[in-house]
Amino acid sequence: MIPEFALQLICGLSTVWCIAPRSQITSGFFRIQMLIALGLSVLLFLTSNQFPTPHANEQVLSQLVVGASILLGLLAFSGSVAWTLERRKGGTIFAYLLATSSMITLVTVAMLLSANSTETPRTVSTATLAAIADTVSAAWLIGSVTSAMLLGHWYLTATGMPLKPFTQYNVIFLVAATLRMGATLFSYSSQGVGVDSSWGLLTLRWAGLIGPFIIAILTIRILRYRNTQSATGVLYAATTLVFMGEMAANLIEQSHAIPTQL
C-alpha cells in the first residue's frame, strides 16, 4: 500500500496546486507542500519494489517507479527553493511539471498492473480503464482532502489571508469526493467486487466515500461563518475517513486479486 499511496498523494497534492488559486495564498504554504512532496518521493523510491501483486512487468514497473521517484524528488526540491525565494512564477511551473509527471507515472503504473490480466481482450480493456479511473480519482480525493486540511492549518499562522482560497479548496474536495464515488461504482460493477467481500471492509470503504462527501458540504457551510478552526477540525475527520476508506479499498481489491487500483 505504501508506494501507491505515496504516488497518489504526490499526484493529488500537485494537481490541487494547479487547479486552485495561488495569488491569495502566501508562498510559505506552497514551500511546505513541495517539501511534503519531496518526502513522499523519497518514500516512493525506498518502497518502489513493494507493489501488492506479482506480475509479468515487475522489473519494468520497478525501474519506472525508481526513475519517476528521482524526477519527482528533483522537481519538488526545485519547487521548494523557488517558493522560498518568492519566485512564484517559477514555483508554479514546477508545480505543473510535478503534477504532469506524477499523473503520467500513475496512469502508466495502473496500465502495467492491469496488463497482467489473463482474461479476454475486451475484459482487459475494461479492467485497464477501470484501473486508471480508480487510481486517478483516488489520487484526487486523497490530495484534495489533505491539501484542504493543511491549508486550514496555514490560516492559524497566516491570519491575514482572505477566506476565498479555503472555500475553493473545499469545493475541489467536494468535486473529488463525487468523482471518487462514481469511479468506485464503475470499478466495482465492471469487476464484480462486493458479492463476497467482507461486510466490515465494505462498510469502512463506503464510509470513506459518503462521509467525506457530507463533510465537504458541511465545511463549506461552516466557512460561511468564517470559522476556519472548526472547518479544519472537521477536515481532520474527513482525512481520517478518506485514508481508512482507501486502505479498505486496497484490501478488498487484493482479496479479489484485481488491479482496479495501483
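Residues numbered from 1 in each chain as written. Predicted model: local features only at pLDDT ≥ 70, side-chain atom pairs only at ≥ 80, totals over all residues. Heavy atoms only, no water.

Participant: When you look at a nonpolar patch on the surface in this model, what are you seeing that I'm missing?
Facilitator: Taken together, the side chains of Val42, Phe45, Leu46, Ile70 and Leu74 present a nonpolar region at the surface, about 480 Å² in accessible area. Put simply, the parts of the chain that give the nonpolar patch at least two residues each are helix H2 (27-46) and helix H3 (58-84). The element best represented in the nonpolar patch is H2, accounting for three residues. Among the structural elements, Ile70 can be located in helix H3. (Patch = residues over 30% accessible without salt bridge, like charges linked within 9 Å, V, L, I, M, F, W, Y side chains within 5 Å. Areas by Shrake-Rupley, 256 points an atom, 1.4 Å probe, with all protein chains shown as cover. Salt bridge = Lys/Arg side-chain N within 4 Å of Asp/Glu carboxyl O. Helix = DSSP H or I, 4+ residues; strand = E, 2+ residues; numbered from the N terminus.)

Participant: Hey, could you run me through the packing of H2 against H3 in this one?
Facilitator: Here H2 crosses H3 at 160°, and the two axes come no closer than 8 Å. One element, H2, and the other, H3, form an angle in the roughly antiparallel class. The two elements H2 and H3 cross, and the hand of that crossing is left-handed. The class makeup of the residues in the contact of H2 with H3 is 15 nonpolar, seven polar and one charged. (Axes fitted to C-alpha atoms, helices over the stretch in contact; angles between N-to-C directions. Parallel < 35°, antiparallel > 145°, perpendicular 65-115°, else oblique. Left-handed = near helix turned anticlockwise from the far one by under 90°. Nonpolar A, V, L, I, M, F, W, Y, C, P; charged D, E, K, R; others polar.)

Participant: Looking at this structure, how should I read the pattern of salt bridges?
Facilitator: Note that side chains of opposite charge can pair when their charged atoms are close. Applying the stated criterion across every chain yields a total of three salt bridges. Residue Asp134 pairs with Arg180 through a salt bridge whose shortest N-O separation is 2.8 Å. Residue Asp134 is located in helix H5 (residues 121-154), and its partner Arg180 is located in helix H6 (residues 164-191); the two are separated by 46 residues in the primary sequence. Comparing Asp134 with Arg180, the two get one shared label, buried. Close ionic contact of Arg205 with Glu246 constitutes a salt bridge, the shortest N to O distance being 3.2 Å. (Buried < 20%, exposed > 50% of the residue type's maximum accessible area, 1.4 Å probe, protein only.)

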